[in-house]
Structures are given as C-alpha cells and as structure tokens.
Amino acid sequence: LWTSGIPDPAQRLRFVAAAYNSGPGHVMDARALAQELDLDPRRWEGNVERAITLLSLPRYFSEAVVKNGPCRGDEAFIRVREMVCLYDHHRATRRP
C-alpha cells in the first residue's frame, strides 16, 4: 500500500484525503518531489503539502521524479486543511 511508509496515523489521514482530491499518483509524486527538495516525505504540513502545490509549475512537474505530470495541488492543500479542521472540531465536540 502506498501509505505504508507513513507511520503516523494522523499524517496518513492527510495523505489519504489528498489522494482523494488529487489522486494517489500525484500524492506519490509530491512525496518524491518533497524528498528532492529536502523536505520530509512522511509529513504533510509544510512538507508534502508544499510539494504538491508546486506540481502545477512546469519547473517542478517536469522533474524526473514526477511521473504523473501537472497537478492542481492547491485544491488538495485547501481540501486537506478543511477536512482536518472539521475532523478536529468534530472530535473536540464529541461527547464521551
């Protein structure tokens, strides 16, 4: 499974949400690009989320590590942030 290299369940949730929005291939490309940019490919915030937003730019989607071409990563960035916010709110307001 492509998420097996992400040990933290909270991080895996973010990666799965991003894959739902952009496709797993683009998320894998963003992880590979993050690695190339000396960012942590196992952490979403500030790392892979940054790389996925760069995949809309020819300079980055033309990199050899990128296999799936351009991606509108800004949409995944926004959707993952919204989902995490809603998830955290739901967990905080849930009755025991």
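Check the entry above for the structure.
Everything numeric here is computed off the predicted structure, so don't read it as measured data.

A few points about the packing of helix α1 (residues 9-22) against helix α5 (residues 73-93)
Each pair of packed helices gets described by two things: the angle between the helix axes and the distance between those axes.
Inference 1: Where α1 contacts α5, the axes come no closer than 9 Å and their chain directions differ by 135°. Between α1 and α5, the crossing angle belongs to the class labelled oblique. Once α1 is placed against α5, the crossing between them reads as right-handed. Here L13, R14, A17, A18, N21 and S22 of α1 come into contact with α5, specifically with A76, R79, V80, M83, V84 and Y87.
Inference 2: For the contact of α1 with α5, the residue count by class is eight nonpolar, two polar and two charged.

Here's the deal with the environment of A18
Inference 1: Counting through the fold element by element, A18 comes out in helix α1.
Inference 2: On the accessibility criterion, A18 (0% relative accessible area) is buried.
Inference 3: Residues A18 and V80, 62 residues apart in the sequence, show an inter-C-alpha distance of 6.0 Å.
Inference 4: Discounting chain neighbours no more than four positions away, the residues touching A18 are G23, V27, W44, A76 and V80.

Observations regarding the pattern of salt bridges
Inference 1: For the structure shown, the criterion picks out five salt bridges.
Inference 2: For the salt bridge of E49 with R81, the shortest nitrogen-to-oxygen distance reads 2.6 Å. Highlighted residues: E49 in helix α3 (residues 44-54) and R81 in helix α5, separated in sequence by 32 residues.
Inference 3: On the accessibility criterion, E49 (5% relative accessible area) is buried.
Inference 4: Looking at R81, the relative accessible area reads 43%, which means it is partly exposed.
Inference 5: Notably, a salt bridge pairs R79 with E82, separated by 3.3 Å at the nearest N-O pair. You can see R79 and its partner E82 sitting in helix α5, three residues apart, about one turn around the helix.
Inference 6: Exposure remark for R79: the relative accessible area of 41% places this residue in the partly exposed category.

Rules and cut-offs
- Residues numbered from 1 in each chain as written.
- Predicted model: local features only at pLDDT ≥ 70, side-chain atom pairs only at ≥ 80, totals over all residues.
- Heavy atoms only, no water.
- Axes fitted to C-alpha atoms, helices over the stretch in contact; angles between N-to-C directions.
- Helix = DSSP H or I, 4+ residues; strand = E, 2+ residues; numbered from the N terminus.
- Parallel < 35°, antiparallel > 145°, perpendicular 65-115°, else oblique.
- Left-handed = near helix turned anticlockwise from the far one by under 90°.
- Contact = heavy atoms within 4.5 Å.
- Nonpolar A, V, L, I, M, F, W, Y, C, P; charged D, E, K, R; others polar.
- Buried < 20%, exposed > 50% of the residue type's maximum accessible area, 1.4 Å probe, protein only.
- Salt bridge = Lys/Arg side-chain N within 4 Å of Asp/Glu carboxyl O.

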